[in-house]
Amino acid sequence: MNKRIKLIAGNWKMNTTISSSEELVNGILHKIENNNYKSEILICPPFTNLYHINKLIENKNISLGAQNCDYHDSGAFTGEISLEMLKSVGCSYVIIGHSERRTIFLESEMQINKKIKKSLEVGITPIFCIGESLEQRQSGKTYKVLEQQIKRGFEGIENENFNRIVIAYEPVWAIGTGIAATSQEAQEAHAFIRSYINQNYSSTADEIRILYGGSMNEKNCKELLSLPDIDGGLIGGASLNAETFVKILTASEESL
Ligand code: PGA
């Protein structure tokens, strides 16, 4: 029996102000009212909206996450946000190593590894993003790349902590392009990730949630979310619309 709870996560990226985020949250709350979802609902707004949104979703069955963090405790790190700070505004998740952070902001695998470790220490669930570029896929390197990213990201993490990590498989070529992975491509990659972790790290790989991310929308979500190794979605563009986001959530429920 599959005991992994599906996670439907909205990655709002650098979108929304206080007022538009409030509108979006209220739209979602209105649509999910009186429903008893089995899937877990997560929203990851920009840092500046976290405090406010945390108040709006209190006791509402929506979890709050951040899109990035720093791994230091405190100190002279101008512009950075620590995990304790995120905890203090109600975050229980944090996205780590998103491909936009890796490519645009040149975040290194060493930094990603430190962020994962620190988030586990502080008690915030990391959503560790991995995925290959188009060039890497076309040259047959997908699995090598995923292996490498997992190896570097997991360095020094104790076995008993693996099932506290959520992985997001996000093929870079699918992010924001409108071209999602086919269900075969996605299932193959997810199954590979799970078996690689199982063989090399932890026999609890069956408990690890692996989300799919990259142009998931209301049309393709049903098929993707019904695949055996896909445990939810990390949704960018389609999470900025309450109706679409809740449609994806509904598809997740129907896949159970
Ligand atoms: P997208 O983004 O759904 O807009 O492709 C997903 C992500 O980057 O997490």
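Conventions we followed
The residue numbers shown here count from 1 along each chain, following its written sequence. Under the rules for a predicted model, residues below a pLDDT of 70 receive no local features and side-chain atom pairs below 80 are neither given nor counted, while totals for whole chains, interfaces and linings still include all residues. Hydrogens are left out, water is left out, and the side-chain values use all remaining heavy atoms of the structure. The secondary structure listing takes helices from DSSP runs of H or I that are at least 4 residues long and strands from runs of E that are at least 2 residues long, numbered from the N terminus. In this setup the radius of gyration rests on C-alpha atoms only. A globule is expected at 2.2 Å times the number of residues raised to 0.38. It only takes one pair of heavy atoms within 4.5 Å for two residues to be counted as in contact. The Shrake-Rupley method, run with a 1.4 Å probe sphere, supplies the accessible areas, and residue values consider only the shown protein chains as cover. Within this scheme the basic residues Lys and Arg register as positive and the acidic residues Asp and Glu register as negative, but His and the chain ends are omitted. Where a charge lies is defined by one atom per residue type: Lys uses NZ, Arg uses CZ, Asp uses CG and Glu uses CD. Residues belong to one nonpolar core when they are buried, are Ala, Val, Leu, Ile, Met, Phe, Trp, Tyr or Cys, and are joined through side-chain atoms within 4.5 Å. Three labels apply to residues, based on accessible area from a 1.4 Å probe with only protein chains included: buried if under 20% of the type maximum, exposed if over 50%, partly exposed otherwise in between. Fitting a line to C-alpha atoms yields each axis, with helices limited to the stretch in contact; the angle taken between N-to-C directions then spans 0 to 180 degrees. By definition, turning the near helix anticlockwise from the far helix through less than a right angle yields a left-handed crossing, and turning it clockwise yields a right-handed one. Lys, Arg, Asp and Glu make up the charged group, whereas Ala, Val, Leu, Ile, Met, Phe, Trp, Tyr, Cys and Pro make up the nonpolar group; the residues left over, Gly among them, are polar. In this scheme, strands are said to pair when DSSP sees at least two bridges between them.

Summarise the overall build of the chain; cite the residues concerned and give the values.
From N to C terminus, the chain includes 10 helices and 8 strands. Here the C-alpha atoms of the chain give a radius of gyration of 17 Å, agreeing with the 18 Å that 2.2 N^0.38 yields for 256 residues. Projected onto its principal axes, the C-alpha positions of the chain cover 45 × 45 × 35 Å. Sequence-distant contacts, at least 24 apart, represent 72% of the contacts inside the chain between residues at least 6 apart. Surface summary for the chain: the accessible area is close to 12100 Å², and the carbon and sulfur share equals 49%. Here the chain contributes 26 positively and 31 negatively charged side chains, and the mean placements of these two sets differ by 1 Å.

Explain the nonpolar core to me, and be specific about the residues and the numbers.
Core analysis: the biggest nonpolar cluster contains 67 residues, and Ile-43, Ile-167, Ile-193 and Tyr-212 have the highest contact counts within it. Filtering out sequence-adjacent residues up to four positions away, Ile-167 remains in contact with Phe-128, Ile-130, Phe-154, Ile-193, Ile-197, Ile-208, Arg-209, Ile-210 and Leu-211.

Run through the packing of helix 1 (residues 18–32) against helix 2 (residues 47–56), naming residues and quoting values.
Look at helix 1 against helix 2: their axes get within 10 Å of each other, and the N-to-C directions meet at 35 degrees. Between helix 1 and helix 2 the crossing geometry is right-handed. Listed contacts from helix 2 to Ile-18, Ser-21, Glu-22, Val-25 and Leu-29 of helix 1 are Thr-48, Asn-49, His-52, Ile-53 and Leu-56. Among the residues forming the contact of helix 1 with helix 2, the class breakdown is 5 nonpolar, 4 polar and 1 charged.

Which residues make up the sheet that holds strand 2 (residues 40–44), and what values do they have?
With parallel pairing, 8 strands are arranged side by side around a closed barrel as 1-2-3-4-5-6-7-8. Sheet twist, expressed as the mean angle between neighbouring strand axes with direction ignored, is 25 degrees. Pairing geometry for strand 5 (residues 125–130) and strand 6 (residues 166–169), over 4 bridges, is parallel. When the bridges of strand 6 are listed, Ile-127 appears paired with Val-166.

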